[in-house]
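# Residue-level structure breakdown
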Amino acid sequence: MDADRTPKPVGTVWGLLVLNTLGSTGAETVVPLPRSLIQMVTMGALVAAFSLALVLNLRLRVRASAFLFLLTLLLVPSVIASADLQSGFGALFRCARLALFVGTLWLLSRWWDGGATFVRHHIRMYFLVLCTVAAGALVSPGAAMPDLYGGRLVGALWPLTPPQIGQYAAVIIGLAVLLVLGGRTDRRSAALVIVPSLVLLMLTHTRTATLGLLVGLTLAIGSLTLTSAAARRFFSWAVLCAAVAAVVFASALQEWFLRGQSEENFSNLTGRAKVWDALLAAPRTIGEKVFGMGLGDKSFDGLPIDNSWLAVYHEQGLIGVGLVAAVFVALGGVALLRPPSLARACAIFLIGYCALASYTEAGLGDASPYLLHLAVAASLLAQPAAAAPLSVPDPPRRRVPRWARTSEVT
């Protein structure tokens, strides 16, 4: 199906999914927003997204997708582990949310055709989110860079944490750079997205997002170097600039990267390693090891897990870990089998970014921005739908006079 035939309301559906995955926790906002109100807005956005997607796809036409099939299977251990209410009724609520989220993606898969349509929706929606962050910084710089977060940029209008802002900025920067290299947008339009997003990324001091951006772009541009002269030039200049910056600004880069932390604090990943060790050492039954403890808030003993694989193991067990790993294997395998193209490069960037970020960020087992990133990658790797054969009208019949229709013998 041609990307030009994608209905415009599909972008609205995507925006509602983005709103749903923003979350309800973070820094204190300029205007205090009750968490219950934020949860009502985000959950209402998901219900609205599913309803609108259903209206747009009343005939329930979907495209076969290993990515969506594996996400659907992920619901099985989630429901089994949550059914005993060990994690409370909130676990079943999160299962319903995940089911609506995956169902909406199934409905949108009708328009997955390997084009850049969903890439553009992704960039627009997250750029709007970053605009609210920038507006909050202008309205109240103190609230946007509180001491509680070490002076790092947070969301002052909507409660967003520095890792969230860094993630959104890094993803749209990478996609915008690739669109420029692929000739799908002009440099001026890309600069309007890349420059402010890069400033916000630096203000968040988010190491995971920065490394994910660099590694993802390296993989993506590397996949284009054999077929794109622009990619080769960009890669060469990027390597040269990185080498010069590493020599000239070595001390400043090291200070930015360490964020004033001690070597011990840095070595245990800001306390994450201690939570991971405690989670792995906790006693579990065989059922809890296989199916997990049920969907929760991605925390252990009140502390954030901040690792997608351990969070999935804790909540969805070994089955969940296997399914999430299968998602990366499926998407990565398809990307490697595709010929070099812009769509393939964008997909590789998103897959590489999510794989690297999964080490220090949670979200691969539940409705999250990371699943939206991978959904965009799946849409880029989908084969264009075969065009329906044109029906050739029958040639008009020649009118035969009545006197010539029968032969008479005289």
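Residues numbered from 1 in each chain as written. Predicted model: local features only at pLDDT ≥ 70, side-chain atom pairs only at ≥ 80, totals over all residues. Heavy atoms only, no water.

## A closer look at the overall build of the protein chain
- Of the regular secondary structure elements, the protein chain holds 18 helices and two strands.
- The burial tally for the protein chain puts 46% of its 410 residues in the buried class.
- Roughly 20800 Å² of accessible area belongs to the protein chain as shown, and the carbon and sulfur atoms make up 66% of that amount. (Helix = DSSP H or I, 4+ residues; strand = E, 2+ residues; numbered from the N terminus. Buried < 20%, exposed > 50% of the residue type's maximum accessible area, 1.4 Å probe, protein only. Areas by Shrake-Rupley, 256 points an atom, 1.4 Å probe, with all protein chains shown as cover.)

## Here we look at the packing of helix H3 (residues 66–82) against helix H15 (residues 308–337)
- For the pair H3 and H15, interaxial distance at closest approach is 9 Å and the crossing angle is 175°. Overall, the two elements H3 and H15 adopt an arrangement that is roughly antiparallel. For the pair H3 and H15, contact is made by Ala66, Phe67, Leu70, Leu73, Leu74, Pro77, Ser78 and Ala81 and by Glu315, Gln316, Ile319, Gly320, Leu323, Val324, Ala326, Val327, Ala330 and Leu331, respectively.
- Per-class residue counts for the contact of H3 with H15 are 14 nonpolar, three polar and one charged. (Axes fitted to C-alpha atoms, helices over the stretch in contact; angles between N-to-C directions. Parallel < 35°, antiparallel > 145°, perpendicular 65-115°, else oblique. Contact = heavy atoms within 4.5 Å. Nonpolar A, V, L, I, M, F, W, Y, C, P; charged D, E, K, R; others polar.)

## Describing H15
- In this model H15 runs just 26 Å from its N-terminal to its C-terminal C-alpha over 30 residues, more than 12% under the 44 Å that 1.5 Å per residue would give.
- Its axis deflected by about 135° at Gln316, H15 carries its strongest bend there.
- N-capping of H15 is provided by Asn307, with a side-chain oxygen placed 2.9 Å from the backbone N of Trp309. (Expected span 1.5 Å × (residues − 1). Bend = angle between axes of the 7 residues up to and from the residue. Polar contact = N/O pair within 3.5 Å; in protein donor to acceptor, adjacent residues only side chain to side chain.)

## Topic: the layout of surface pockets
- Each pocket or cavity is described by its volume, and for the second largest pocket that value is around 940 Å³.
- Around the second largest pocket sit 26 residues that line it, and Thr210, Leu213, Leu214, Ala238 and Ala242 are the ones nearest its centre.
- Those elements that place two or more of their residues in the lining of the second largest pocket are helix H7 (162–181), helix H8 (187–204), helix H9 (207–222), helix H10 (229–248) and helix H11 (250–258).
- Examining the composition of the lining of the second largest pocket, we find that nine residues originate from one element, H10, more than from any other. (1 Å grid on protein atoms, 1.4 Å probe; cavity = no way out; pocket = protein on both sides within 12 Å on 5 of 7 lines; lining within 4 Å. Points joined across faces, edges and corners; volume = space filled by probe spheres on them.)

## Here's the deal with the packing of H7 against H8
- For the pair H7 and H8, interaxial distance at closest approach is 8 Å and the crossing angle is 155°. Our classification of the angle between H7 and H8 gives roughly antiparallel. Of the two elements, H7 crosses H8, and the hand of that crossing is left-handed. Residues Pro162, Ile165, Gly166, Ala169, Ile172, Ile173, Ala176, Val177 and Val180 of H7 form the contact with H8, whose own contacting residues are Arg187, Ala190, Val193, Ile194, Ser197, Leu198, Leu201 and Thr204.
- Across the contact of H7 with H8, the residue classes tally to 13 nonpolar, three polar and one charged. (Left-handed = near helix turned anticlockwise from the far one by under 90°.)

## Focus: a nonpolar patch on the surface
- Side chains of Val30, Val31, Leu33, Leu37, Met40, Val41, Val139 and Leu157 sit close together on the surface and give an oily, nonpolar patch of about 670 Å² of accessible area.
- Element by element, the count of residues in the nonpolar patch is highest for helix H2 (residues 35–56), at three residues.
- Here Val139 shows up in helix H5 (residues 117–139). (Patch = residues over 30% accessible without salt bridge, like charges linked within 9 Å, V, L, I, M, F, W, Y side chains within 5 Å. Salt bridge = Lys/Arg side-chain N within 4 Å of Asp/Glu carboxyl O.)

## Topic: the side chain of Thr206
- Relative to the helices and strands, Thr206 resides in the loop between H8 and H9.
- At 3.2 Å, the side chain of Thr206 and the backbone oxygen of Pro162 are in polar contact.

## Some words on the pattern of salt bridges
- Here the structure, examined in full by the defined rule, presents three salt bridges.
- The closest approach of N and O atoms between Glu315 and Lys298, which form a salt bridge, is 3.1 Å. Remark: Lys298 occurs in the loop between helix H14 (286–291) and strand S1 (299–300) and Glu315 occurs in helix H15; sequence separation between them is 17 residues. Neither Glu315 nor Lys298 differs from the other in exposure class; each is buried.
- Put simply, Asp366 and Lys298 hold a salt bridge, and the shortest N to O gap is 3.1 Å. On the criterion of sequence distance, the pair formed by Asp366 in the loop between helix H16 (342–357) and helix H17 (369–381) and Lys298 in the loop between H14 and S1 is long-range, its members being 68 residues apart.

## Quick look at helix H1 (residues 9–20)
- Counted at 1.5 Å a residue, the expected span for H1 with its 12 residues is 16 Å, and the 17 Å between its end C-alpha atoms agrees.
- Here H1 lies mainly inside the structure; nine of its 12 residues are buried.
- Taken as a whole, H1 has its buried residues at Val10, Gly11, Val13, Trp14, Gly15, Leu16, Leu17, Val18 and Asn20.
- Where H1 is buried, its residues contact H2, helix H4 (89–108), H5 and H17.

## Things to note about unusual backbone geometry
- The phi dihedral of Leu60 falls on the positive side, at around 55°, and the residue is not glycine.
- Unusually for a residue other than glycine, Lys298 sits at a positive phi of about 65°.

## Overview of the side chain of His373
- Looking at where His373 falls in the secondary structure, it is placed in helix H17.
- Separated by 2.8 Å, the side chains of His373 and His122 make a polar contact.
- Dropping the residues within four chain positions of it, His373 is found in contact with His122, Tyr126, Gln167, Val171, Leu350 and Cys354.

## Quick notes on the nonpolar core
- In this structure, Trp14, Leu17, Phe67, Leu105, Leu108, Trp112 and Leu374 are the most contacted members of the largest nonpolar core, which totals 100 residues.
- Sorting elements by how many residues they give to this core places H7 first, with 13 residues.
- Apart from the residues lying within four places of it in its own chain, the contact partners of Trp14 are Leu105, Leu108, Phe118, His121, His122, Met125, Leu372, Ala375 and Val376.
- Residues Val275, Trp276, Leu310 and Ala311 belong to the second largest nonpolar core, which totals eight residues. (Core = buried A, V, L, I, M, F, W, Y, C linked by side-chain atoms within 4.5 Å.)

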